[in-house]
Amino acid sequence: PEDKYSNPKKESNKPSDIVNKWENRIKDAKAYKEQEQEQQNWDRFIKEYRGKYEIGGLSKNMSIIPINLVYAYIHTEIPRLYFRDPYMAVNAKGIAHIKSAKILEVVINYLFKELNLKNELAKVLMDTLLVGHGWMKYGYSGTFGILTTSEDNKGQGKADKPPEEINEFIKSEEMFALHVPYEDVVFDCTSKDPPYDCHWIAHRIIKPLNSVKESELYQNTETLKANFKPKDNDIKTDIELVELWEIWDKDTNCIYVITDGVDKPLRQTPNPYLMEGLPFSMLKFNPVPNRPYPMSDIGILEPQFMEKIKLRSMQLNHLKRWNRQIFMEEGAISEDELTKYKTG
């Protein structure tokens, strides 16, 4: 009999098959993430951060004071963890490199400030403390120009170089490190320590339809239509929006961009970075063994917060009853009415 492992089926390179494969992978990853979101109560923690608490049956017998301990914890912990940029020292390897190390130290600390990491990391920390993890995307972008042979030899009195010899130069260059909302990232579900052991990571990007169609970065946009609306019904916009999924695949070392309704990738290019791994970093404080998604700080502290809110509400309720006092002549009020007055 034929050994099914001796002749493995080759992966199809048809554009439609590539899109279907990634749509199925993203669908499975989203389903797994939604399951974790429901089990770990991420949505409830965000509601509590906004001051909306569900205390339970205790509120039937007395008024509950929703002291927002979640908000207080988040905005105490963020500055405690990161209140100023670090200063990075560069040590020279040998006497010959002392001056270059000092120059590099100045450049690195200057670039760290220019990247505006403080604001981006504050957002990452908020996601991490509320839902257990936050994402940072980093990389390098550059604009290249072409110097023609005639411009290269202009005024030098030299014969022009052959036309196939062209020189490229960097018009502008920029490093970036940006916060990515946790709901916009999914990854290979077999990962146990993302992003280090992820085979792929997909980043959701919402863009105006016109900008996607007019961009030289994307192809196969002839049949592209608007396919995204904000979840919040209160948000009204007349701009047609498109939901794109930018996929970084470690196995093929390629970048794919797909969207719903188009059976061809809008982009399929080799990974331009020489660095190892994928250009994403996950911040987490409470990892769970053999699980890709860590625990939230709020999930750990929430029972204590709830008990503190209940106790404080009981104290305030007691103070209100204690202040319910009156002076009057003896016998001016019946025992039944007096009992009602005492018990509220």
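Our subject is the structure listed above.
Predicted model only: the values in this text are computed from it and were never measured.

1. Some thoughts on the overall build of the chain
Helix and strand content of the chain: nine helices and eight strands. Sorting the 344 residues of the chain into buried and exposed places 32% on the buried side. Contacts in the chain between residues far apart in sequence, at least 24 positions, make up 65% of those at least 6 positions apart.

2. Quick look at the packing of helix α2 (residues 42-49) against helix α3 (residues 69-81)
Remark: α2 packs on α3, axes separated minimally by 7 Å, with the N-to-C direction vectors making an angle of 90°. As far as their axial angle goes, α3 and α2 are roughly perpendicular. On α3, the residues touching F45, E48 and Y49 of α2 are V70, Y71, I74 and H75. Taken together, the residues that form the contact of α2 with α3 break down as five nonpolar, one polar and one charged.

3. Things to note about α2
Within α2, the full set of buried residues consists of W42, F45, E48 and Y49. One side of α2 carries all its buried residues, which in axial view fall inside an arc of 120°. Phi turns positive, to about 90°, at G51, one or two residues after α2.

4. Considering the pairing of strand β5 (residues 241-249)
Two faces make up the sheet, and in a regular strand the side chains alternate between them. Here β5 lies mainly inside the structure; nine of its nine residues are buried. Residues L241, E243, W245, I247 and D249 of β5 are buried on one face, and the alternating residues V242, L244, E246 and W248, pointing to the opposite face, are buried as well. As judged from the nine bridges shared by strand β4 (residues 200-208) and β5, these two strands associate in the antiparallel manner. Paired with P208 across the strands is L241, a residue of β5. The loop that links β5 with its antiparallel partner strand β6 (residues 254-259) comprises four residues; one of these, N253, has a positive phi angle of about 55°.

5. A word on the nonpolar core
Counting 40 residues, the largest nonpolar core has V70, I74, W135, I201 and I298 as the members making the most contacts within it. At the level of secondary structure, the elements contributing two or more residues to this core comprise α2, α3, α5 (117-131), β1 (134-147), β2 (167-180), β3 (185-187), β8 (280-283) and α8 (297-322). Looking at which element gives the most residues to this core, the answer is α5, with six residues. Among the nonpolar cores identified, the runner-up in size contains 13 residues, and V19, W22, I26 and I247 belong to it.

6. Topic: the side chain of E120
If you trace the backbone, E120 turns up in helix α5. Judged by relative accessible area, which is 12%, E120 ranks as buried. Residues within four places of E120 in sequence aside, it is in contact with M136, A177, L178 and H179.

7. Considering the packing of α2 against α5
Each packed pair of helices is defined by two parameters, the angle between the axes and the distance between the axes. At their nearest, the axes of α2 and α5 sit 9 Å apart, and the two run at 115° to each other. Across the interface between the two elements, W42, F45, I46 and Y49 of α2 pack against M126, L130 and V131 of α5. Across the contact of α2 with α5, the residue classes break down as seven nonpolar, no polar and no charged.

8. Focus on the pattern of salt bridges
Per the stated rule, a full pass over the model turns up ten salt bridges. Of the charged contacts, one joins E77 and R80 as a salt bridge, the two residues approaching to 2.5 Å between their closest N and O atoms. With E77 and R80 both in helix α3, this residue pair falls three residues apart, about one helical turn. Its relative accessible area of 55% is what places R80 among the exposed residues.

9. Observations concerning the state of the cysteines
Scanning all chains against the criterion turns up zero disulfides. With no disulfide of its own, C189 lies closest to C198 among cysteine sulfurs, the gap being 9.4 Å.

10. Some points on the pairing of β4
Sheet analysis places β3 next to β4, joined by three bridges and oriented antiparallel. From the neighbouring strand, V185 faces β4, where its bridge partner is H203.

11. Overview of the packing of aromatic side chains
The geometry of an aromatic ring pair is captured by the separation of the ring centres together with the interplanar angle, meaning the angle of the planes. This structure, assessed with the given rule, holds eleven aromatic pairs. Between W135 and F187 the ring centres are 5.9 Å apart and the planes differ by 55°, which places this aromatic pair in the tilted class. Placement of W135 in strand β1 and of F187 in strand β3 is noted, with a sequence separation of 52 residues between them. Classification of F187 by relative accessible area gives buried; the value is 2%. An aromatic cluster of three or more residues is present, and its members are Y32, W42, W135, Y182, F187, F280 and Y293. The ring of W22 has R25 sitting right over it, with the charged end atom 4.6 Å from the ring centre.

12. Quick word on the environment of D193
Within the secondary structure, D193 sits in the loop between β3 and β4. Each C-alpha atom, one on D193 and one on V288, is 9.6 Å from the other, the two residues being 95 residues apart in sequence. For D193, the side chain forms a polar contact with the side chain of K284, separated by 2.9 Å.

13. What to know about the sheet that holds β6
One open sheet holds the five strands; their spatial order is β3-β4-β5-β6-β7, and the pairing between them is antiparallel. With one partner strand each, in any of the chains shown, β3 and β7 (267-270) form the two edges of the open sheet. Each strand of the sheet is rotated relative to its neighbour by a mean of 20°, with strand direction disregarded. Alignment of β6 against β7, held across four bridges, turns out to be antiparallel. Counted as the bridge partner of V257 is R267 from β7. The strands that helix α1 (residues 15-40) touches are β3, β4, β5, β6 and β7; relative to β6, the one it contacts most, it runs at about 80°.

Conventions and cut-offs
- Residues numbered from 1 in each chain as written.
- Predicted model: local features only at pLDDT ≥ 70, side-chain atom pairs only at ≥ 80, totals over all residues.
- Heavy atoms only, no water.
- Helix = DSSP H or I, 4+ residues; strand = E, 2+ residues; numbered from the N terminus.
- Buried < 20%, exposed > 50% of the residue type's maximum accessible area, 1.4 Å probe, protein only.
- Contact = heavy atoms within 4.5 Å.
- Axes fitted to C-alpha atoms, helices over the stretch in contact; angles between N-to-C directions.
- Parallel < 35°, antiparallel > 145°, perpendicular 65-115°, else oblique.
- Nonpolar A, V, L, I, M, F, W, Y, C, P; charged D, E, K, R; others polar.
- Arc of directions from axis to C-beta.
- Pairing = 2+ DSSP bridges.
- Core = buried A, V, L, I, M, F, W, Y, C linked by side-chain atoms within 4.5 Å.
- Salt bridge = Lys/Arg side-chain N within 4 Å of Asp/Glu carboxyl O.
- Disulfide = S-S within 2.5 Å.
- Phe/Tyr/Trp six-rings, centres within 6.5 Å; stacked < 30°, edge-to-face > 60°.
- Lys NZ or Arg CZ within 6 Å of the ring centre and 35° of its normal.
- Polar contact = N/O pair within 3.5 Å; in protein donor to acceptor, adjacent residues only side chain to side chain.

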